[in-house]
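# Fold and geometry: a report
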Amino acid sequence: MNSNEIKLDRRLSLCAEFVRQGATVADIGTDHAYLPVYLIQSGKINSAIAADINEGPLKSGIETIKQYSLSDKISARLSNGLEKIRADECSDIVIAGMGGELICSIIEAAQWLKSSDKHLILQPMTRPEVLRSYLCQNGFEIMREQAVESDGRIYTVMLVCFCNTTVVLSDFSARVGKLNPAERKLDRMYLERVVASLQKKHKGLLCGGNKNIAADLADTINKINSFINGGQNDYC
Ligand SMILES: C[S@@+](CC[C@H](N)C(=O)[O-])C[C@H]1O[C@@H](n2cnc3c(N)ncnc32)[C@H](O)[C@@H]1O
């Protein structure tokens, strides 16, 4: 490999894998702009917009773009979410490394994403269940989802498209999404960590005397456990 080729960690590599060949990409919350630089260098795409709400991260993105001599292919833009990006400028939109609720608000503010030709690649750091519920209640479908390990943490990456069908997810489906623990070990490990954190929450609810909420949560935990061990997911 040429020493001037950028290397991505596994989390961003999986995001890159979900981008379509020949896509026009908007990387929202680009920070260092590693992802668009990698996508251009690998020959997967020809142009991208690297956007960030904050000047500091955008500046570091611009430096990376210059370092790899890609200023003619990647335009850097100061933008809150997709506010400064037009629908005709991108086919694939990556929103990675942000909280699930923030990702929901960015999608909600850009109604033009409700188009079947747009692909969203989403990688929430927190509250993925809120993001999945939001997506399915607003006509989007999670077409593919996969867990990935980077630096000892396990993340989930989703490929999402507008399908104009509204689905209200159960708590169980919102927490497992389209992960497939029967086929992929990392998906299984991710869900085992979800169960461990829900068990802690369950204990806290019981200590606080919230018996009814605790019972609902116990039901979700049991469903996730049986799914991990070969059961069905209604949402799939
Ligand atoms: C933790 S970094 C993630 C960088 C990169 N996407 C990744 O996954 O490695 C989050 C970035 O999102 C930016 N950000 C936060 N809210 C944003 C918004 N509403 N619109 C655009 N960028 C935002 C922050 O300034 C920061 O640079």
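Residues numbered from 1 in each chain as written. Predicted model: local features only at pLDDT ≥ 70, side-chain atom pairs only at ≥ 80, totals over all residues. Heavy atoms only, no water.

## Some details on the layout of surface pockets
- Reported here for the largest pocket is a volume of approximately 440 Å³.
- Taken together, 19 residues make up the lining of the largest pocket; nearest its centre are Pro128, Tyr190, Arg193, Val194 and Ser197.
- At the level of secondary structure, the elements contributing two or more residues to the lining of the largest pocket comprise strand 5 (119-124), helix 5 (128-137), strand 7 (153-162) and helix 7 (185-207).
- Here the lining of the largest pocket is composed, by residue class, of eight nonpolar, four polar and seven charged. (1 Å grid on protein atoms, 1.4 Å probe; cavity = no way out; pocket = protein on both sides within 12 Å on 5 of 7 lines; lining within 4 Å. Points joined across faces, edges and corners; volume = space filled by probe spheres on them. Helix = DSSP H or I, 4+ residues; strand = E, 2+ residues; numbered from the N terminus. Nonpolar A, V, L, I, M, F, W, Y, C, P; charged D, E, K, R; others polar.)

## Side note on the nonpolar core
- Of all hydrophobic cores here, the largest spans 29 residues; its most connected members are Val19, Val25, Ile45, Ile74, Val94 and Ile121.
- Among the secondary structure elements, those contributing two or more residues to this core are helix 1 (10-18), helix 2 (34-41), strand 2 (47-52), strand 4 (92-98) and strand 7.
- Apart from residues no more than four positions distant in its own chain, Ile121 is found in contact with Cys15, Phe18, Val19, Asp92, Ile93, Val94, Ile95, Val157, Met158 and Leu159.
- Ile49, Ile93, Cys104 and Phe140 belong to the second-largest nonpolar core, a separate cluster that totals 26 residues. (Core = buried A, V, L, I, M, F, W, Y, C linked by side-chain atoms within 4.5 Å. Buried < 20%, exposed > 50% of the residue type's maximum accessible area, 1.4 Å probe, protein only. Contact = heavy atoms within 4.5 Å.)

## Overview of the sheet that holds strand 4
- Ordered in space as 3-2-1-4-5-7-6, the seven strands form an open sheet in which the pairing is mixed. The sheet is open, and its two edges are formed by strand 3 (74-78) and strand 6 (140-150), each paired on a single side. The mean angle between the axes of side-by-side strands here comes to 20°, regardless of whether they run parallel or antiparallel.
- Across 10 bridges, strand 6 lies against strand 7 in antiparallel orientation. Bridge pairing links Gln146 to Val157 in strand 7. (Pairing = 2+ DSSP bridges. Axes fitted to C-alpha atoms, helices over the stretch in contact; angles between N-to-C directions.)

## So, the domain arrangement of the protein chain
- Domain parsing of the protein chain yields domain 1 (10-168) and domain 2 (185-228).
- Relative placement of domain 1 and domain 2: their C-alpha centres are 30 Å apart.
- Taken together, the contacts link 12 residues of domain 1 with five residues of domain 2.
- Three residues stand out in domain 1 for area buried against domain 2, namely Ala147, Glu149 and Ile154, and they jointly supply 67% of the buried area on that side. (Domains from an automatic or database assignment. Buried area = accessible area lost by both parts, 1.4 Å probe.)

## Quick look at the pattern of salt bridges
- If you walk through the whole model with that rule in mind, you get 15 salt bridges.
- Residues Glu145 and Arg132 are paired through a salt bridge, measuring 2.7 Å at the closest nitrogen-oxygen approach. Of this pair, Glu145 sits in strand 6 while Arg132 sits in helix 5; the two residues are 13 residues apart in sequence, bridging distant segments of the chain. Both residues of the pair, Glu145 and Arg132, belong to the buried class. (Salt bridge = Lys/Arg side-chain N within 4 Å of Asp/Glu carboxyl O.)

## Thoughts on the state of the cysteines
- Tallied over the entire structure, the rule returns zero disulfides.
- Left unpaired, Cys90 is separated from the closest cysteine sulfur, that of Cys161, by 13 Å.
- Look at Cys90 and you get buried, because its relative accessible area is 3%.
- For the unlinked cysteine Cys161, the closest cysteine sulfur is that of Cys163, found at 7.7 Å. (Disulfide = S-S within 2.5 Å.)

## A closer look at the pairing of strand 2
- Counting buried positions along strand 2 gives five out of six residues, so the element sits mostly inside the fold.
- Taken together, the five bridges between strand 1 (residues 24-28) and strand 2 define a ladder with parallel strand orientation. Along strand 2, the bridge assignment pairs Ala26 with Ile49.
- One crossover worth recording links strand 1 to the parallel strand 2 by way of helix 2, and it is right-handed.
- Examined bridge by bridge, strand 2 and strand 3 share five bridges and lie parallel to one another. Looking at the pairing, Ala50 lines up with Ala76 of strand 3.
- For the segment spanning strand 2, helix 3 (residues 55-67) and strand 3, crossover handedness is right-handed. (Right-handed = clockwise from strand over helix to strand, strands pointing away.)

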